[in-house]
Amino acid sequence: MIHPCILSGGSGSRLWPLSRKAYPKQFLQIFDTESLFQKTCRRVSGPGFGAPLVISNQDHRFLCGEQMVEAGLEAGRIVLEPQGRNTAAPAAIATLMVEREDADGLILMLPSDHLIADEAAFLDAVRAGEQAARAGYIVTFGIRPSEPHTGYGYIHLGEAIGAREPQGEDVRQVLEFVEKPDRERAQAYLDEGGYVWNAGIFLFSARAMRAAFEAHAPAILQGAEAALDAATADLDFLRLDAARFGEIENISFDYAIMERAGNVACVPMDPGWSDLGSWSAVREVFPADKDGNASLGESLFLDTRDSFVYSAEASVAVLGLSDVLVVNTRDALLVAHKDKAQDVKRIVERLEADSRIEAIEHKRVYRPWGWYEGLSQGARFQVKCIMVKPGAQLSLQSHAHRAEHWVVVNGTAEVTIDGETRLLGENQSAYIPLGARHRLANPGQIPTYLIEVQSGSYLGEDDIIRYQDIYGREGTNS
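First, a word on scope: everything that follows refers to the structure included in this document. (Residues numbered from 1 in each chain as written. Predicted model: local features only at pLDDT ≥ 70, side-chain atom pairs only at ≥ 80, totals over all residues. Heavy atoms only, no water.)

## Quick look at the packing of aromatic side chains
One pass over the structure, following the stated rule, counts 16 aromatic pairs. Both rings, one in Y23 and one in Y366, keep their centres 4.4 Å apart while their planes meet at 20°; by these two values the pair is stacked. Residue Y23 is found in the loop between β1 (2-8) and α1 (36-43), and its partner Y366 is found in strand β20 (residues 364-367); the two are separated by 343 residues along the sequence. Accessibility expressed as a relative area gives 13% for Y23, which makes it buried. Y366 gets classed as partly exposed once you look at its relative accessible area, which sits at 33%. Counting every residue linked through ring pairs, the aromatic cluster contains F31, W279, F286, F308 and Y310. Residue placement shows R364 over the ring face of W371; its charged tip is 3.7 Å from the ring centre. Stacked on the ring of Y467, the Lys or Arg R437 has its end atom at 3.6 Å from the ring centre. (Phe/Tyr/Trp six-rings, centres within 6.5 Å; stacked < 30°, edge-to-face > 60°. Helix = DSSP H or I, 4+ residues; strand = E, 2+ residues; numbered from the N terminus. Buried < 20%, exposed > 50% of the residue type's maximum accessible area, 1.4 Å probe, protein only. Lys NZ or Arg CZ within 6 Å of the ring centre and 35° of its normal.)

Structural data, given as structure tokens:
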């Protein structure tokens with residue numbers, strides 16, 4: 001049995017303004033009706049794979065669970081990181097969890113936000129690496145380079161240690177891991193051959209990885225064991241102990257283990273892979289016209305070359321430019337030279353320093369019960385559209401500084417105000433006075449949509465006192 005471990009803690013800041021901390025790129029439906037997270041889960045859900053172990057940022061816990069249910073995927077375990085600790089800590093957590101159930105089990109650790117076009121080729125590579133992993137190797141997967149790319153780390157391959165079936169492709173020894181090179185060195189790697197891009201995907205046995213941590217990073221293993229032993233169940237999630245997890249070194253799995261271990265092998269592969277690490281990488285996924293322009297959404301290119309447009313709703317026209325990236329969302333617009341795609345994270349850092357909400361959330365904010373979206377705002381009022389999923393309910397709550405009006409525009413709403421409950425249908429409304437204890441629920445079989453009008457001296461989301469919540473969010477405003 002191969003146990004997939006899906007890492008889903010990133011924020012995808014280089015894909016701002018589409019990817020944001022509250023709803024990062026792995027959960028976005030950029031390419032079709034499935035998110036990258038759903039594609040990753042489905043990719044490793046066939047025969048020979050166990051239920052996935054998802055290690056996620058605690059702020060994304062409901063997104064992980066909901067997207068797995070929406071895609072009809074087998075529910076696995078979702079482990080919540082109290083804070084980001086790079087990739088070594090989750091690798092240790094996964095090792096311990098699988099070891100306790102299946103000491104000889106294999107773990108396939110992979111990011112949740114990569115795109116793989118040829119999934120059959122990917123699964124073939126995993127099968128090729130399985131025998132080596134069972135023999136005690138820590139197996140990584142390398143992408144055959146198509147260009148002298150400077151944005152990826154490289155793996156220098158050595159002699160073959162086994163043949164891939166059925167194609168006969170070799171599983172290779174790893175001579176060294178190479179940091180992201182400059183263009184001259186990257187071209188030299190391409191010319192020399194024997195180098196592949198590091199895809200950040202790994203296959204290993206729980207037994208071999210425990211031994212690797214004990215030899216090269218024992219403190220990380222001890223910290224992970226302490227955080228796991230003190231973990232607490234929260235609904236369908238497992239919360240790692242915050243204090244103990246916070247003491248673990250913030251270091252990547254590559255630095256902590258892969259570059260120190262001697263029993264490392266690599267499977268070269270070419271599955272149409274992209275880490276979608278920047279808008280330039282996203283641009284390469286879409287077919288270009290004769291002038292090298294590509295787009296997702298309505299766009300018009302005139303006298304423009306080698307450019308890319310993403311637009312959620314509005315039509316975007318680009319005139320007389322070359323090598324530009326244009327990304328348009330409802331509340332933010334990015335215009336950048338394509339050579340600066342890796343620097344988009346600097347914009348996010350600046351927005352965070354200025355406490356701008358555009359770094360964190362979209363206009364539409366997702367919650368475990370559904371979502372809300374801001375429509376209009378003034379000095380003492382705010383208008384939102386609210387969607388409540390069938391069978392879902394908001395917390396029993398009150399507000400100290402605002403009153404609210406709810407107007408149902410579709411579906412049925414169950415409204416409780418100061419202990420009195422009634423049903424509202426389309427075009428019916430309710431008034432919630434300042435300070436009243438109230439709750440909104442959807443008892444129906446279709447989504448309920450409401451227009452909410454807030455009025456008062458303070459309209460922030462932190463003006464919430466929660467008394468009861470089926471999602472365990474008492475004391476929070478998420």
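Still more ground to cover, so stick around.
## Considering the pattern of salt bridges
With the rule as written, the count across this model stands at 28 salt bridges. Note that D229 and R100 form a salt bridge whose closest N and O atoms lie 2.9 Å from each other. Of this pair, D229 sits in helix α7 (residues 218-229) while R100 is found in helix α3 (residues 88-101), placing the two residues 129 residues apart along the sequence. With a closest N to O distance of 3.3 Å, D291 and K290 form a salt bridge. Residue D291 is classed as partly exposed on the basis of its relative accessible area, which comes to 22%. Given the relative accessible area of 75%, K290 is considered exposed. It is possible to trace a salt-bridge network through shared partners that takes in E99, R100, R210, E214, E225 and D229. (Salt bridge = Lys/Arg side-chain N within 4 Å of Asp/Glu carboxyl O.)

## Some details on the nonpolar core
Of all hydrophobic cores here, the largest spans 89 residues; its most connected members are L108, F122, F141, L203, W279 and L440. Here this core takes six residues from helix α4 (residues 119-134), the largest share from any one element. Setting aside residues no more than four positions away along its own chain, F122 makes contact with R43, V44, L108, L110, I116, I201, M269 and P271. Core analysis: the second largest hydrophobic core is formed by 46 residues, L7, A92, I138 and A212 among them. (Core = buried A, V, L, I, M, F, W, Y, C linked by side-chain atoms within 4.5 Å. Contact = heavy atoms within 4.5 Å.)

## A short note on unusual backbone geometry
Glycine aside, a negative phi is what most residues show, and trans is what most peptide bonds show. Cis peptide bonds are those with omega within 30 degrees of zero, and the linkage from W16 to P17 qualifies with 10°. Here P17 lies in the loop between β1 and α1. Of note, D323 is a non-glycine position whose phi angle comes to about 60°, a positive value. In this fold, D323 is placed in the loop between β17 (316-319) and β18 (324-328).

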